[in-house]
Amino acid sequence: MIRLTKVELRRLTARRLTVIGLAGLFLITILLLVATWFDARPLSAAEQQRAQQQFEIAHHEWVEHADETRKQCEADWKTQPDPKPKLEDMCAYPEPRLEDFGKPKTVFSQITPELLQGSSYFLAFAAFLIGASFLGAEFSSGAIGNWLTFEPRRLRVYGSKLLATATGFVPVAAVVLGVVLFGTFLIVDKLGDTGGTTGKVWGDLAAIGGRAVVTTALAAALGCVVGLLLRHTAAAIGVVMAYLVLAEGVFAAFLEKAQPWLVKLNFDAFVRHDTQYYVTECKAGGDGSYACDYVQKTLSFEHGAWYLAALTAVVVLLGAWVFNRRDVN
C-alpha cells in the first residue's frame, strides 16, 4: 500500500494540471497579501490633515454644547414612558477622540482569522478540482483499466489514490497558510498594529491553520471520489457549482433553519471553532401586530467536525463500493 501510494504521489505531482493549480494557488496568495498591504496602508499626509481638522471641529462643538445637550437629553429621558433605557446609555455624549477620525489602524489579531478562513476556501476548491481531475482523467483516457492489469486489487488501488491525493495537499496547504500568516504579520507590523499578538493569539491562529490543512486534505479526497463516480473532471466541477448555487444559495435563503445541515456552515464551524448564522423568527403580538427579528445562532465546532467526518466517510465508502463493483470501461 505504501509503495502504491508513493507511485500515485509521483503521478499526481507530474500532472500538468497539478503544476498549474499550484502556481495559481501561490499567485492568489501573493494577490491576497498585496490586497492586505493596500488595506493596511495609513492615510496620506493630506488625508491625515483633513481628519485632524474634522476632529478639531467636532471637539469644539462638544466643548461648546456638551452640557446643554446632556441636560436636554436628561429632560427627554424623564418624560419617556416605562420601560425606558438607562440614563447613562441614552444620554452618553463622550468626548471625541482623534483616533475615531480617519482610518483606524489595521490590527493583526483581528484580520488574520478572516484571511486564514478565506485561504481555506480557495485551498479546498483547488484541492477538490485537482483531486477530481486526477482520477476523472484516468477514466476518460482509459488509463485506469491498464493500471488494474498491473494491480488487480481494486480497493488497494482506490485507497492509494485517495491517500496520495489527500497527503499530497497537506504540505501545500501548510506552506500557503504559513505564507499568509507570516506575510500578514510582516505587513501589519510595518503598517498597522501587532502589539496585542499574545501567545494565545498565535495558538488560535495556528489552530485555524491546522484545521484548514485538514479540510484541504478532505476536499482533495472527496474530489478524487467524485471524479471516480462521474468519470469526468468537468462533470465533477459542474456538480459542485450546482450545489453551491442551488443548495448554499437558493435553498439556504428560503429554508434558513436548514442551514446547520449545509456544507459551508459546517466547514466554517470546523475551521473557525464555532460560527454564527442568522434565522428569522416571527411572532404575533397581543394587539394583532406581527413582527420579525433576526436571531443569531451558533453552530458548534463539534457539530462541524462530526458533519465533515460523516460526509467524508459516506462518500469514500460509496466510492469504494462503486469502484470495486462497476466496470471501469
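Residues numbered from 1 in each chain as written. Predicted model: local features only at pLDDT ≥ 70, side-chain atom pairs only at ≥ 80, totals over all residues. Heavy atoms only, no water.

**A few points about a nonpolar patch on the surface**
Here is step 1: Among the surface-exposed residues, Phe-125, Met-241, Leu-244, Val-245, Leu-246, Val-250, Phe-251, Phe-254 and Leu-255 lie close enough to one another that they form a single nonpolar patch of about 870 Å² accessible area.
Here is step 2: If you tally residues by element for the nonpolar patch, the top one is helix α9 (residues 233-254), at 7 residues. (Patch = residues over 30% accessible without salt bridge, like charges linked within 9 Å, V, L, I, M, F, W, Y side chains within 5 Å. Areas by Shrake-Rupley, 256 points an atom, 1.4 Å probe, with all protein chains shown as cover. Salt bridge = Lys/Arg side-chain N within 4 Å of Asp/Glu carboxyl O. Helix = DSSP H or I, 4+ residues; strand = E, 2+ residues; numbered from the N terminus.)

**Looking at the environment of Val-316**
Here is step 1: With respect to the element layout, Val-316 can be found in helix α11 (residues 301-325).
Here is step 2: The spatial distance from the C-alpha of Val-316 to the C-alpha of Leu-162 is 8.8 Å, given a sequence separation of 154 residues.
Here is step 3: For Val-316, the contacting residues outside a window of four places in its chain are Tyr-158, Leu-162 and Val-225. (Contact = heavy atoms within 4.5 Å.)

**Overview of the environment of Lys-105**
Here is step 1: With respect to the helices and strands, the residue Lys-105 is situated in the loop between α4 (87-90) and α5 (108-141).
Here is step 2: Once the C-alpha coordinates of Lys-105 and Asp-39 are considered, the two residues, 66 residues apart in sequence, prove to be 9.8 Å apart.
Here is step 3: Apart from the residues within four sequence positions on either side, Lys-105 is in contact with Gly-192 and Asp-193.

**Structural notes on the nonpolar core**
Here is step 1: Counting 54 residues, the largest nonpolar core has Leu-123, Tyr-158 and Leu-228 as the members making the most contacts within it.
Here is step 2: Where this core is concerned, the elements lending two or more residues are α5, α7 (154-191), α8 (199-230), α9, α10 (263-272) and α11.
Here is step 3: If near-sequence neighbours (up to four positions away) are discounted, Leu-123 is found in contact with Leu-25, Ala-173, Val-176, Leu-177 and Thr-216.
Here is step 4: One finds Leu-265, Tyr-277, Val-279 and Leu-299 within the second-largest nonpolar core, a separate group that totals 5 residues. (Core = buried A, V, L, I, M, F, W, Y, C linked by side-chain atoms within 4.5 Å. Buried < 20%, exposed > 50% of the residue type's maximum accessible area, 1.4 Å probe, protein only.)

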